[in-house]
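Secondary and tertiary structure notes
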Amino acid sequence: MPDHRLDLRLYRDTHDDIGSTYDTVVIGSGIGGLAAAALLQKAGRRTLVLESNHLPGGCCSSYERRGVIYEAGATTLVGLDSGQPLRLLLDDLGEIDLPLVRLDPSQTVWLPGEPMRPVVRHESLERWIDECERAFGPAGQRAFWTEAYRVGRAVWRLSGRNRAFPPVRAIDWLRLPLDNDPRDLPLLRYLRRSTASVIARFGLDQNADFLAMVDEQLMITAQATADQTPFLYGAAGVTYANFANYYLRGGMIALPERLMRRFESLGGAIHYRQRVTAVRGNKADGFTVETGAGRAYRTRSVLSNVPIWNVAELTDGRLQRFAERAGTAAPEAWGAFLTAVTLPVGSIPADATLHHQIILPEPMADTGSRSVFVSLSHPDDSTRAPTGLRVASLSTHCRPESWFGLDRATYRSRKAAVGAEMLAALGRIFPALADLSPEAGHTASPVTFERWIGRSRGRVGGLPQRMDRTPLDQLSPVTPVAGFYLCGDTAYPGQGIPGVVLSGQNAAWRILRDENGR
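Definitions and limits used
- Here the residue numbering is sequential within each chain, running from 1 through the sequence in written order.
- In view of the model being predicted, local features appear only for residues whose pLDDT reaches at least 70, and side-chain atom pairs are presented and counted only at 80 or more, with totals across whole chains, interfaces and linings using the full set of residues.
- To get the side-chain values, take all heavy atoms of the structure and skip hydrogens and water.
- We count a stretch as a helix when DSSP gives it H or I for four or more residues in a row; a strand needs E for two or more, and each element gets its number in order from the N terminus.
- In this analysis, the expected span of each helix is defined as 1.5 Å times one less than the number of residues it contains.
- Under the scheme applied here, a residue whose accessible area is under 20% of the maximum for its type counts as buried, over 50% as exposed, and between as partly exposed, the area being computed with a 1.4 Å probe on protein chains only.
- In protein, a polar contact requires one atom able to donate a hydrogen and another able to accept it; more generally it is a pair of N or O atoms within 3.5 Å, and residues adjacent in sequence count only if both atoms are side-chain atoms.
- Angles shown run from 0 to 180 degrees and are taken between the N-to-C directions of axes, each axis being a line fitted to C-alpha atoms and, for helices, limited to the stretch in contact.
- When an angle is under 35 degrees it counts as roughly parallel; over 145 it counts as roughly antiparallel; between 65 and 115 it counts as roughly perpendicular; any other value is oblique.
- Any two residues having at least one pair of non-hydrogen atoms within 4.5 Å are treated as being in contact.
- Each residue gets one of three labels, nonpolar for Ala, Val, Leu, Ile, Met, Phe, Trp, Tyr, Cys and Pro, charged for Asp, Glu, Lys and Arg, and polar for the others, Gly among them.
- A pairing counts as a salt bridge when a side-chain nitrogen of Lys or Arg comes within 4 Å of a carboxyl oxygen of Asp or Glu.
- A pair of Phe, Tyr and Trp rings is counted when the ring centres sit within 6.5 Å of each other, with Trp represented by its six-membered ring. The angle between the planes then sorts it: under 30 degrees is stacked, over 60 is edge-to-face, the rest tilted.
- For a lysine, the NZ atom is tested; for an arginine, the CZ atom; a charge sits over a ring if that atom is within 6 Å of the ring centre and within 35 degrees of the ring normal.
- Note on terminology: a nonpolar core comprises buried Ala, Val, Leu, Ile, Met, Phe, Trp, Tyr and Cys residues joined through side-chain atoms within 4.5 Å.
- A pocket, in this scheme, is an open set of points on a 1 Å grid over the protein atoms alone with protein on both sides within 12 Å along at least 5 of 7 lines, while a cavity is a set where a 1.4 Å probe fits but cannot get out; residues line either one if an atom lies within 4 Å of a point.
- Grid points are joined across faces, edges and corners, and a volume is the space filled by probe spheres set on the points.
- Here a crossing is taken to be left-handed if its near helix is turned anticlockwise relative to the far helix by less than a right angle, and right-handed if that turn runs clockwise.
- At least two DSSP bridges between two strands are needed for those strands to be called paired.

**Focus on helix 12 (residues 408–429)**
In this model helix 12 runs 33 Å from its N-terminal to its C-terminal C-alpha over 22 residues, within 8% of the 32 Å that 1.5 Å per residue would give. Among the residues of helix 12, Y411, K415, V418, G419, M422, L423, A425, L426, G427 and I429 are the ones counted as buried. Two to three positions downstream of the cap, the backbone nitrogen of A409 sits 3.2 Å from a side-chain oxygen, assigning the N-cap of helix 12 to D407.

**Quick word on the packing of helix 2 (residues 85–93) against helix 14 (residues 496–515)**
Contact pair helix 2 / helix 14: the axes reach a minimum separation of 8 Å and the direction vectors enclose 50°. As far as their axial angle goes, helix 14 and helix 2 are oblique. On helix 14, the residues touching P85, L86, L88 and L89 of helix 2 are I497, P498, V501, L502 and Q505. Its residues placed into classes, the contact of helix 2 with helix 14 shows eight nonpolar, one polar and no charged.

**Points about the environment of H271**
The residue H271 is located in strand 9 (residues 269–271) in this model. With 222 residues separating them in the primary sequence, H271 and V49 have C-alpha atoms 6.3 Å apart. Within the structure, H271 has its side chain in polar contact with the side chain of R295 (distance 3.4 Å).

**Considering the pattern of salt bridges**
If you walk through the whole model with that rule in mind, you get 29 salt bridges. R261 is the partner of E257 in a salt bridge, and the nearest nitrogen-oxygen pair spans 3.5 Å. Residue E257 and its partner R261 are located together in helix 9 (residues 254–265), separated by four residues, close to a single helical turn. On the basis of relative accessible area, R261 is assigned to the partly exposed category, the value being 38%. Of the charged contacts, one joins E515 and K283 as a salt bridge, the two residues approaching to 2.7 Å between their closest N and O atoms. Separated by 232 residues along the polypeptide, E515 in helix 14 and K283 in the loop between strand 10 (276–282) and strand 11 (286–291) bring together distant segments of the chain. When its relative accessible area of 27% is taken as the criterion, E515 is described as partly exposed.

**Quick word on the packing of aromatic side chains**
Tallied over the entire structure, the rule returns 15 aromatic pairs. A centroid spacing of 5.3 Å and a plane angle of 40° characterise the contact between F337 and W403, whose relative ring orientation is tilted. With a gap of 66 residues between them, F337 in strand 13 (residues 335–344) and W403 in the loop between strand 16 (389–398) and helix 12 connect regions that are remote in the sequence. For F337, a relative accessible area of 0% puts it in the buried group. The class for W403 is buried, based on a relative accessible area of 1%. We note R189 situated over the ring of Y190; from NZ or CZ to the ring centre the distance is 4.4 Å. R399 extends its terminal NZ or CZ atom over the ring of W334, reaching a point 3.6 Å from the ring centre.

**Comments concerning the environment of P464**
As for its position among the elements, P464 is in the loop between helix 13 (446–453) and strand 18 (484–486). Since its relative accessible area comes to 2%, P464 is described here as buried. Residues P464 and S413, 51 residues apart in the sequence, show an inter-C-alpha distance of 29 Å.

**Some thoughts on the nonpolar core**
Judged by nonpolar contacts, the single largest core of 42 residues is most densely connected at L77, L86, L89, L255, L259, L303 and I497. Secondary structure elements with two or more residues in this core: helix 1 (31–42), helix 2, strand 8 (245–248), helix 9 and helix 14. Of the residues forming this core, the biggest block, eight residues, is contributed by helix 1. With near-sequence residues (within four places) excluded, L303 lies in contact with T24, V25, V26, I27, A36, Y485, L486, C487, A507 and I511.

**Some remarks on unusual backbone geometry**
Here the residue pair D104 and P105 is connected by a cis peptide bond, since its omega of 0° sits within 30 degrees of zero. Of note, the amide linkage connecting E114 to P115 takes the cis form, showing an omega dihedral of -5°. With respect to the secondary-structure elements, P115 resides in the loop between strand 6 (107–111) and strand 7 (117–121). With a phi close to 65°, Q495 is a non-glycine residue in the positive phi region. When you line up the elements, Q495 lands in the loop between strand 18 and helix 14.

**Points about empty space enclosed by the protein**
Within this structure, the stated rule accounts for three cavities of 30 Å³ or more. Here the largest cavity is characterised by a volume of approximately 60 Å³. Forming the boundary of the largest cavity are E71, T75, Y247, L248, M252, H355, S375, L376, R384 and S393. Mapped by element, the contributors of at least two residues to the lining of the largest cavity are strand 8 and strand 15 (371–376). Here the residues of the lining of the largest cavity sort into four nonpolar, four polar and two charged. One number sums up the size of the second largest cavity: a volume of about 50 Å³.

**Focus: the packing of helix 1 against helix 9**
Interhelical geometry of helix 1 versus helix 9 gives an angle of 20° and a closest axis separation of 9 Å. Judged on the interaxial angle alone, helix 9 and helix 1 are roughly parallel. With respect to the hand of their crossing, helix 1 and helix 9 are arranged in left-handed fashion. For the pair helix 1 and helix 9, the contacting residues are I31, L34, A37, A38 and Q41 in the first and L255, P256, L259, M260 and F263 in the second. Residue classes in the contact of helix 1 with helix 9 are distributed as nine nonpolar, one polar and no charged.

**Structural notes on the side chain of Q495**
Classification of Q495 by relative accessible area gives buried; the value is 9%. A polar contact is formed between the side chain of Q495 and the backbone oxygen of G461, at a distance of 3.4 Å.

**Some words on the sheet that holds strand 6**
Strands sit in the order 7-6-14-15-16-13-17 across an open sheet of seven strands; the sheet is mixed. Among the strands making up the open sheet, the edge pair consists of strand 7 and strand 17 (441–444). Adjacent strand axes in the sheet meet at a mean angle of 20° when their direction is disregarded. Pairing geometry for strand 6 and strand 7, over five bridges, is antiparallel. Across the sheet, the residue bridging to V109 is V119, located in strand 7.

Read these as spatial facts, not as claims about activity.
As structure tokens, this is what we get:
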């Protein structure tokens, strides 16, 4: 495997005239922000990205500790199939060569029991149906997965076609019949049907193991369980492993790093360690974007790639009220707890998939989560750890509010307990790691995520795709303040790398349309 080790200490500001005025300032270098910035720069708009960290990528990034490169968040890469958001972005930008390794199978789901039982997620729909029939019995499996795959493919197709969605202005509503095929109208019935109701329709609602698997797969894709998730979203969520999945040599930071380099080659600028503290002004007079480092940037428009709660913290007036209402009206967002560890190469079977979802018999006491998601570095990727070692990132959902306001002793004790429980889960699927000591790794809670990447209260993963939020309730790139736009995982469609890429594409489209007066 070719070397792709990145020196994570060498990111520096792009040399640029700080006192100049930009066409667009993008707040945050997450994947959605970088996607939009590169598209805007390619379209001829002078664009600046402001990043609070010293690394690009936000949740889709990596960090180095004692010579080992760990993942900061996102660990699976999808969206590169024909017509999907990341593929469209790379085709639009050109000259980006990602260090990809295709994974098939990409993942193993472990069902609770003694011993735990593996269900291997094959990319081929036929092989996946065969695996489900083996694990859960044949009744209903083929019909359910065939329908889920059909609907999931349609969701990708429709999302790329509807740049003006969700509609906000009259012209957006007028575009809907032009951008869509009447033959897709029957899919709309799945907006008001939960994934659980579709499962019941195919007679699968009495299979506890199957329900647990679907619930936990949806938790990592839709941030909600089958009874809460509309099937229109749930279908795409449960079939994501039936599209091409990839590993990035050198860590997930390879994606934002390549996007950033392409953005810079087009003439764009990025400034690090510039945490935005305030946005003032309006489109008519221009915006001023202020940072904690004492810099002030002038721009004709602003694109916020930070979560909606952060928008409320750095704005005032009408925009602040809008962000506060949107943040309050949205369903409660999740936080994440991360445990990172290095492992001897021989402790993991050579034929093991790189990703594992371990479903637990009961929710963990301090997180409320019932599964642990494990991502392993590729055994042939020598760029992330010293010879003979592999890197494992273990993550689980948690309620962020329960981690703030603790005294130091309680906080440390709770972190240690959750980390130990996650490592114990790892030992259940890989017996050679049964005695792995918590001291072998390190942990991160929502408090850590707020400090690392500036996300308000450590909320990550976007907003849950729930039945009580229709697509029209989701945040458009457009805000009530002209010239101020949104992208990222709290804007439509949110959720995962394909979702945030699409949000950035939609935001760039909106900005260019507004600037061109159309």
